[in-house]
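# Observations on chain architecture
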Amino acid sequence: MWGCAAGAVLSLIMVKPNIALLIPLMLLVAGWWRVFVAWLVTSVALAFVSLATLGPSGVLDFVSVNLTLFEETYHLNYSLEVILGSRIAWAVAVVVILA
């Protein structure tokens, strides 16, 4: 029961996925398959709700706007790659993932 509730709460990752992108994969590797399945089912449901709300053109517009943000240097100033340098940023990411 708690596994399903935890998986549903983890579906909130879809709101800001870059914060915890690998958590669902780690749940699967750790053997918490009920939590993973609950996350997957809830996330797919949220994706369908988003698609039904925005429509296909709205989703494509959303993706287009987000892709243009990567081209602006203002938004890149807040990334780890700019602050720490490319190799150090990757090293930090690996350490965080393995921790």
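Overview of the structure. (Residues numbered from 1 in each chain as written. Predicted model: local features only at pLDDT ≥ 70, side-chain atom pairs only at ≥ 80, totals over all residues. Heavy atoms only, no water.)

## Notes on the packing of aromatic side chains
The test is simple: When the centres of two rings from Phe, Tyr and Trp lie within 6.5 Å, Trp using its six-membered ring, the rings pair. Their planes under 30 degrees apart give stacked, over 60 give edge-to-face, and anything left gives tilted. For helices the rule is a DSSP run of H or I covering at least 4 residues; for strands it is a run of E covering at least 2, with both sets numbered from the N terminus onward. The rule is simple: take the accessible area with a 1.4 Å probe, protein chains only, and divide by the maximum for that residue type; under 20% is buried, over 50% is exposed, in between is partly exposed.
All chains considered together, the criterion is met by one aromatic pair. Note on Phe36 and Trp39: the rings are 5.4 Å apart at their centroids and 40 degrees apart in plane angle, and the pair reads as tilted. Taken together, the residues span about one helical turn, with Phe36 and Trp39 both in helix 3 (residues 33-69) at a distance of three residues. The buried category is assigned to Phe36, whose relative accessible area is 16%. Note on Trp39: relative accessible area 17%, which makes it buried.

## Some thoughts on the nonpolar core
Quick reminder of the rule: In this description, a nonpolar core means a group of buried Ala, Val, Leu, Ile, Met, Phe, Trp, Tyr and Cys residues linked to one another through side-chain atoms lying within 4.5 Å.
If you look at the biggest cluster of nonpolar residues, it comprises six residues: Leu10, Ile13, Leu27, Val35, Phe36 and Trp39. No other element matches helix 3, which puts three residues into this core.

## Side note on a nonpolar patch on the surface
Convention followed: Only residues whose relative accessible area exceeds 30% and that form no salt bridge are eligible for patches; like-charged ones are grouped when within 9 Å, while nonpolar side chains (Val, Leu, Ile, Met, Phe, Trp, Tyr) are grouped when within 5 Å. Only the protein chains shown count as cover for residues, and the accessible areas themselves come from Shrake-Rupley with a 1.4 Å probe. Salt bridges, as used here, are contacts in which a Lys or Arg side-chain nitrogen is within 4 Å of a carboxyl oxygen on Asp or Glu.
A contiguous nonpolar patch, built from Leu22, Leu25, Met26, Leu28, Val29, Trp33, Val37 and Val41 and spanning about 740 Å² of accessible area, is present on the exposed surface. Among the elements of the structure, helix 2 (23-29) and helix 3 are those that each provide at least two residues to the nonpolar patch. No other element matches helix 2, which puts four residues into the nonpolar patch. Mapped onto the elements, Trp33 comes out in helix 3.

## Notes on the environment of Ala45
The residue Ala45 is located in helix 3 in this model. Ala45 gets classed as partly exposed once you look at its relative accessible area, which sits at 40%. Separated by 34 residues in sequence, Ala45 and Ser11 have C-alpha atoms that sit 9.5 Å apart.

Just distances and angles here, no functional claims.
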